[in-house]
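Notes for the structure review
Listed below, chain by chain, are the residues.
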Amino acid sequence: MQFENNIIHRPETSNLYCEQPSLAHLIIKNLTSAGDKTLIVCGITGKEISARELLSNSIQIAKALTVHGIRQGDVVSIISENRFEFVYALLGTIFLNCTVAPLNHTYSQRELEHALNLSKPKFVFTGGSTAELIVNIAGELNYVKKIILFDDNGLRPTNGLTVSLQDFTSEQSLRNVQFKPLPVNVATSTCVIMCSSGTTGLPKGVQISQSGIIVTARQSKEFLYGPSNVGDADIVILGLLPMFHVFGAAVLICTIVTLSGKIIMLPKFEEVTFLGCIEKYRCSVAFLVPPLMVFLAKNSLVDKYDLSSLRFIMSGAAPLSKELEQSVKDRLQIPNLVIKQGYGMTELTVSVLSQKDFVKSGSVGDINSGAYVKVCDDAGNALGPNQVGELCFKGSTMMIGYIGDKAATSAMIDSDGWLHTGDVGYYDNDLQFFIVDRIKELIKCKGFQVPPAEIEALLLTHPKIKDCGVIGKPDEMAGELPLAFIVRNDPNLTKTEILKYVSDKASPAKRLHGGVIFVDEIPKNPSGKILRRQLREQLAQLEMKSKL
């Protein structure tokens, strides 16, 4: 790493994959070389897909899209849970240098309408319980020309709008169609449009380039799948993360590009299936988010399964406290289990900081190859070690911008090209980074800045607490007071017990002066980030009821 003027940079050390004229060329070349190697297994049915089958089915999608009028640069959306057809549609669209816009299949009608209006896809692939809602919504959107149904939902074709995947890719209609990937400028060609996390409002459409994906694949080969993490045995990856999220999509695409192992694909999180798949398929690698780490640390079901095959857990999408990391290790009791975490965001194509060979518990590691980072104060000055400020980045994985929103793009990326994350953190003398919290989520209590994530990490060490979320409760005298929403593991847990637990372990400003509210669950987005705005809405509703 290079360190100058309080800016840290790790130069590129590899040009792996750079010679390919497009992401499509790279994927097709590697799938061809892999032949009959199994790449994806359905964790529910046990069905296996080889590299050869994956390539053939994805090319079939690409041909069908071409026949039906999709051209380079067009947008195609996929709205579905994890399944083989999702992967075929994803790769088939990428093969045409088109843009994929995966959307959360659990979105409400309002959220789906908003997300579709961001990317304005010409074609939409969908399946499962979401299909009927998509058909009803898309029928009112004149830019959607066709909806391809993964399943036979009994939905009747509407003005030629809907078609089954089987009819869409029928051998007869594609028999004489030729397919050949075309070169493209990978730095400016939008590969995917991912919805931002939506922690502070409705999501924005983040445009990620083919180059960003290629560099991320190179970094996964360099930093993730090395012997120090995964050993020398065959790699079996638990593919639980939703593919509509940038973390899940990156794991899928990067594993395919690097041919690093096979993925055990699950459509969604279910406690027994999650644990059973690790045991049955002897998964050695798991990409998880902190709520799943909480599950491993606290759920009694964990003890009923053999998880000893796990060698490497990579946690991302939200901060993993050192206390929770240690709790997982203590619970699983797996010798030499490696748990690491990284830091990133959709606007940076997943991870830009990651723990590598040198690991400090609680840190998110150091800068990845090809990227620059600085920590800034309110005046924009780059701060030195152990000084807290906003994390800002430059580099080859930075987004192209928010689609259709120049103002939001300019607010995020300054005139010097630095992307301002809105996250608060610092680096130490070893250039290892630590995340404190979101700027907008810091609680301002009597002039002190209180990070909710710090209080949450403390609360999760209590054996009777299953989950929690902390926000600032408005207060005329103090500004804000820390308040905790608590999901209990033990119904006998009292508010008094929680207040004392925090009071005994935290400084005065970080104590729960705003009180405790017991709830059934903590609202989170698919990547595990707490939706504090929903907690604030719950608090407002409770206070309104108390006044009536």
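In the block above lies the structure referred to throughout.
Below is a summary of the structure that appears in this document.

Turning our eyes to something else, we now look at the pattern of salt bridges. Scanning the entire structure with this criterion turns up 20 salt bridges. With a shortest N-O distance of 3.4 Å, Lys122 and Asp74 are connected by a salt bridge. Of this pair, Lys122 sits in the loop between helix H4 (109–119) and strand S7 (123–126) while Asp74 sits in the loop between helix H2 (51–67) and strand S5 (75–79), and the two are 48 residues apart along the sequence. Classification of Lys122 by relative accessible area gives partly exposed; the value is 34%. Note on Asp74: relative accessible area 14%, which makes it buried. Its salt-bridge partner being Lys360, residue Asp428 comes within 2.6 Å of it at the nearest N-O pair.

The final tally for this structure, using the stated rule, is 13 aromatic pairs. Ring geometry for Phe269 and Phe295: centres 5.3 Å apart, planes at 85°, overall edge-to-face. Placement of Phe269 in the loop between strand S13 (262–265) and helix H11 (271–281) and of Phe295 in helix H12 (residues 290–298) is noted, with a sequence separation of 26 residues between them. Overall, Phe269 belongs to the partly exposed group, its relative accessible area being 34%. Given the relative accessible area of 8%, Phe295 is considered buried.

Although it is not a glycine, Asn386 adopts a positive phi angle of roughly 65°. Judged by relative accessible area, which is 44%, Asn386 ranks as partly exposed. For Leu431, which is not glycine, the phi dihedral falls at a positive 65°. Locating Leu431 in the fold gives a position in the loop between strand S22 (419–427) and strand S23 (433–438). We classify Leu431 as buried; its relative accessible area is 13%.

Our next topic: the packing of helix H8 (residues 210–224) against helix H10 (residues 246–258). When two helices pack together, their arrangement is captured by the angle between the axes and the distance separating the axes. Following both chains from N to C, one finds H8 and H10 inclined at 70°, their axes separated by 9 Å at the closest point. As the angle between them shows, H8 and H10 are arranged roughly perpendicular. As for how H8 packs across H10, the hand of that crossing is right-handed. For the pair formed by H8 and H10, the contact residues are Ile213, Thr216, Ala217, Ser220 and Lys221 on the first element and Ile253, Cys254, Val257 and Thr258 on the second. In terms of residue class, the contact of H8 with H10 is built from 5 nonpolar, 3 polar and 1 charged.

Within the largest apolar cluster, 158 residues are counted, with the highest numbers of intra-cluster contacts made by Leu54, Phe125, Phe287, Leu296 and Leu459. Of the residues forming this core, the biggest block, 10 residues, is contributed by H10. When near neighbours in sequence (up to four residues on either side) are disregarded, Leu54 contacts Leu31, Leu39, Ile40, Ile49, Val87, Tyr88, Leu91 and Ile256.

What follows concerns helix H17 (residues 532–547). Over its 16 residues, H17 extends 23 Å from the first C-alpha to the last, a length consistent with the 22 Å expected when each residue adds 1.5 Å. Inspection of H17 places Arg532, Leu535 and Leu539 among the buried residues, and these make up the whole buried set. Looking straight down H17, one finds its buried side chains confined to an arc of 55°; they lie on one side. Exposed positions of H17 whose direction lies more than 90 degrees from the buried face are Gln541, Met544 and Lys545.

To continue, consider empty space enclosed by the protein. A probe as big as a water molecule, rolled over the atoms, marks out the empty space that is left. The final tally for this structure, using the stated rule, is 2 cavities of 30 Å³ or more. Each pocket or cavity is described by its volume, and for the largest cavity that value is around 80 Å³. When residues of the lining of the largest cavity are traced back to their parent elements, those giving at least two are strand S12 (236–239), H10 and S13. Here the lining of the largest cavity gets 3 residues from one element, more than from any other, and that element is H10. Here the lining of the largest cavity is composed, by residue class, of 9 nonpolar, 3 polar and no charged. Estimates place the volume of the second largest cavity at around 50 Å³. What lines the second largest cavity is simply Val192, Met194, Ile208, Ile213, Val246, Ala249, Ala250, Ile253 and Val350. Every element with two or more residues in the lining of the second largest cavity is listed here: strand S10 (190–195) and H10. The element best represented in the lining of the second largest cavity is H10, accounting for 4 residues.

Once that is clear, we can look at the sheet that holds strand S15 (residues 312–315). Spatial strand order, S4-S3-S13-S12-S14-S15-S16-S17-S18: 9 strands in an open sheet with mixed pairing. The open sheet terminates on both sides in strands that have one partner only, identified here as strand S4 (48–50) and strand S18 (366–367). Alignment of S12 against S13, held across 4 bridges, turns out to be parallel. Residue Leu238 lies in a different strand from S13, and its bridge partner there is Ile264. Along the sheet face, H11 touches strand S3 (38–42), S12, S13 and strand S14 (285–288) and points at about 165° away from the line of S12.

Analysis parameters
Residues numbered from 1 in each chain as written. Predicted model: local features only at pLDDT ≥ 70, side-chain atom pairs only at ≥ 80, totals over all residues. Heavy atoms only, no water. Salt bridge = Lys/Arg side-chain N within 4 Å of Asp/Glu carboxyl O. Helix = DSSP H or I, 4+ residues; strand = E, 2+ residues; numbered from the N terminus. Buried < 20%, exposed > 50% of the residue type's maximum accessible area, 1.4 Å probe, protein only. Phe/Tyr/Trp six-rings, centres within 6.5 Å; stacked < 30°, edge-to-face > 60°. Axes fitted to C-alpha atoms, helices over the stretch in contact; angles between N-to-C directions. Parallel < 35°, antiparallel > 145°, perpendicular 65-115°, else oblique. Left-handed = near helix turned anticlockwise from the far one by under 90°. Contact = heavy atoms within 4.5 Å. Nonpolar A, V, L, I, M, F, W, Y, C, P; charged D, E, K, R; others polar. Core = buried A, V, L, I, M, F, W, Y, C linked by side-chain atoms within 4.5 Å. Expected span 1.5 Å × (residues − 1). Arc of directions from axis to C-beta. 1 Å grid on protein atoms, 1.4 Å probe; cavity = no way out; pocket = protein on both sides within 12 Å on 5 of 7 lines; lining within 4 Å. Points joined across faces, edges and corners; volume = space filled by probe spheres on them. Pairing = 2+ DSSP bridges.

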